[in-house]
Every structure is written in structure tokens, then in C-alpha cells.
Amino acid sequence: MLILPIGDINPRRTVPYVNYLLIAVNTAVFILLGFQENYDLIVSRYGLTPAQIKPLTFITSMFLHGSIFHLVGNMLFLWICGDNVEDRLGHLGFLLLYLTAGLVAGGAHILMISPAEKMIPCIGASGAISGIMGAYLVLFPGSRIKFWYFFFFYFFIRTGTFMLTSFWAIGFWFAEQLLLTFISSAYQMPSGVAYWAHIGGFVFAFIIVLLIRSTGIVQGGLRKKHY
């Protein structure tokens, strides 16, 4: 069974230029570098390797992806959540949150992974995007996210769509990250997914935006049209 988020029902007032730019840059970097024969060398040099920390790689690693599926998956979540978060936080505020969440995610990954994984370069925008998802959950807990599903069992095939509020959709995703992290740690099973980066970026942005919202600078909930 395959389930993918394909959009949300959440109107915005502004054009999310920064979100579009981040998607374009991530895509361009993969197109330019991802198909080169020496891409493994590029990843080892510019990925975030916990055993060989280089400050610049905290940023460069956020714009590298391991495969086209890795890229598309990350950009899909950024496309769905990023525009509305940028609408509320403003262009600069959104960019700062994205980058800072990515940095915190990298730090969480370095601090929490097992010694056996410290020589493996970590790449991808998922830590930063997890932060945007955390912000989205704070600002739009009742927003509806649309999912497409594909179910097959031998000759039985069914496809369709359904909706969940972001409280349940993103909440379930975060619970899944916690569960998979626990399983990986408890059974000493190194994973190819940086779960701690996801958790770190998400929790950081969730708390920051929750604090910002408490000041009244930004408001949560769906925007309403006035006639």
C-alpha cells in the first residue's frame, strides 16, 4: 500500500517566493551534481559527517540528496507546508526558520547517533523541512491535508484520496519518527534515515513558532475571507 500527501486546503495571501526558490535550488543542485560519476566524492566532501565536522557542511548537506526519490519526497512536503508557513512568518522569517531548523537538525543528528554511524555522511533537506512541518502544525492544526493512496493485493487494486487534519497527519508522522528511532536504538539497527535530524528540526521549530505565536506577532488557524 502506498500513501502520499498531494496537497492541502489552506488559502494564502502572498506568493511564497522563498519556498519556490528553495525547491528550485534543491532541484537544480541534484540535477547538476546528482548524476555525476563522482557524486559519492561530492557527498563525502560536502555531506555532514559527524566524525569529521566541518562547519560549512551544516549548510551544504542541506542541499544534497541521495536519489531522485529522496529529492521528490522532501520537495513534496516542502511544497505542501512551506507556502503557508511563509505566508504567516514572512519571507525572511521563513528563510531564517528553515535554515536554523536545518542547523539544529544537523546538531541533533551528530549528538544522538550511534558511534557506528559517525563516519556516514548525512545529506538532505529533511531536517529543515521537518522544522517547517513543526511550524505548520502550530499555525494550522485544523488545516486539511489531502492524501492519495494506492492499494493492491494480488489482482485487487484500488486508488483514491482522503483527508486528514494536519494535527493528525503531521502528528502521526512525528510519532512514527519517534517509534522508528526507538526501534533503531533498542535493537542496534543502523538506519539510512536521519531520524534524529527529523526530530530535532521539528521540535525546535515547533517550540520557536509556539513562542512567537504566544506574543501575538503571528496568528494560528485558517485565514478567513471577509466580504
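Conventions we followed
- Residues numbered from 1 in each chain as written.
- Predicted model: local features only at pLDDT ≥ 70, side-chain atom pairs only at ≥ 80, totals over all residues.
- Heavy atoms only, no water.
- Helix = DSSP H or I, 4+ residues; strand = E, 2+ residues; numbered from the N terminus.
- Rg over C-alpha atoms; globule rule 2.2 N^0.38 Å.
- Contact = heavy atoms within 4.5 Å.
- Core = buried A, V, L, I, M, F, W, Y, C linked by side-chain atoms within 4.5 Å.
- Buried < 20%, exposed > 50% of the residue type's maximum accessible area, 1.4 Å probe, protein only.
- Pairing = 2+ DSSP bridges.
- Axes fitted to C-alpha atoms, helices over the stretch in contact; angles between N-to-C directions.
- Salt bridge = Lys/Arg side-chain N within 4 Å of Asp/Glu carboxyl O.
- pLDDT = per-residue confidence, 0-100.
- Phe/Tyr/Trp six-rings, centres within 6.5 Å; stacked < 30°, edge-to-face > 60°.
- Polar contact = N/O pair within 3.5 Å; in protein donor to acceptor, adjacent residues only side chain to side chain.

Caption draft 1: Spotlight on the overall build of the chain. Looking only at helices and strands, the chain features eight helices and three strands. Taking 17 Å as the expected radius of gyration for a compact globule of 227 residues, we find that the chain reaches 18 Å, a close match to that expectation. Across its three principal axes, the chain shows a C-alpha extent of roughly 60 × 50 × 40 Å. At a minimum sequence separation of 6, the contacts of the chain that also span at least 24 residues come to 76%.

Caption draft 2: The arrangement of the nonpolar core in detail. By size, the foremost hydrophobic cluster in this structure holds 43 residues, and its most contacted members are Leu 78, Val 85, Leu 97, Tyr 98 and Ile 132. Mapped by element, the contributors of at least two residues to this core are helix 1 (17-33), helix 2 (39-46), helix 4 (68-89), helix 5 (91-112), helix 6 (126-139), strand 2 (144-153), helix 7 (166-186) and helix 8 (195-214). If we ignore the near neighbours within four places in the chain, the residues touching Ile 132 are Leu 78, Cys 81, Gly 82, Val 85, Phe 94, Leu 97 and Tyr 98. With seven residues, the next largest nonpolar core counts Phe 58, Ala 105, Cys 122 and Ala 194 among its residues.

Caption draft 3: Representation of the sheet that holds strand 2 within the structure. The strand order 1-2-3 describes an open sheet built from three strands, whose pairing is antiparallel. With one partner strand each, in any of the chains shown, strand 1 (2-9) and strand 3 (156-165) form the two edges of the open sheet. Mean inter-strand twist for the sheet, computed between neighbouring axes without regard to direction, equals 20°. Along the sheet face, helix 7 touches strand 2 and strand 3 and points at about 110° away from the line of strand 3.

Caption draft 4: A look at the pattern of salt bridges. For the structure on display, the rule yields one salt bridge. Among the salt bridges present, the one from Asp 83 reaches Arg 12, with a minimum N-O distance of 3.1 Å. Here Asp 83, found in helix 4, pairs with Arg 12, found in the loop between strand 1 and helix 1; they are 71 residues apart in sequence, far enough to count as distant.

Caption draft 5: Structural view of the confidence of the model for the chain. Predicted confidence across the chain gives a mean pLDDT of 92, with 94% of residues reaching 70 or more. In the model, residues 223-227 has pLDDT below 50 throughout and makes four contacts with residues more than four positions away in sequence or in other chains.

Caption draft 6: Just the packing of aromatic side chains, in detail. Here the structure, examined in full by the defined rule, presents 13 aromatic pairs. Measuring from centroid to centroid gives 6.1 Å for Trp 148 and Phe 150, while their planes differ by 15°, and the two rings are stacked. Aromatic side chains Trp 173 and Phe 202 sit 5.9 Å apart centroid to centroid with 45° between the ring planes, which places their arrangement in the tilted category. Here the residue Trp 173 occupies a position in helix 7, and Phe 202 occupies one in helix 8, the gap between them amounting to 29 residues. Using a relative accessible area of 13% as the deciding quantity, one classes Trp 173 as buried. Taken together, the ring pairs connect Trp 173, Phe 174, Phe 202 and Phe 206 into an aromatic cluster.

Caption draft 7: Local environment of the environment of Thr 159. Take Thr 159: it is sitting in strand 3. Residue classification places Thr 159 among the partly exposed residues on the basis of a relative accessible area of 45%. C-alpha separation for the pair Thr 159 and Ile 129, spaced 30 residues apart in sequence, amounts to 28 Å. In this structure, Thr 159 is in contact with Trp 148, Tyr 149 and Phe 150, ignoring residues within four places of it in sequence.

Caption draft 8: Seen up close, the side chain of Ser 126. Relative to the helices and strands, Ser 126 is located in helix 6. At a separation of 3.0 Å, a polar atom in the side chain of Ser 126 contacts the side chain of His 198. Excluding residues that lie within four positions of it along the chain, Ser 126 makes contacts with Asn 74 and His 198.

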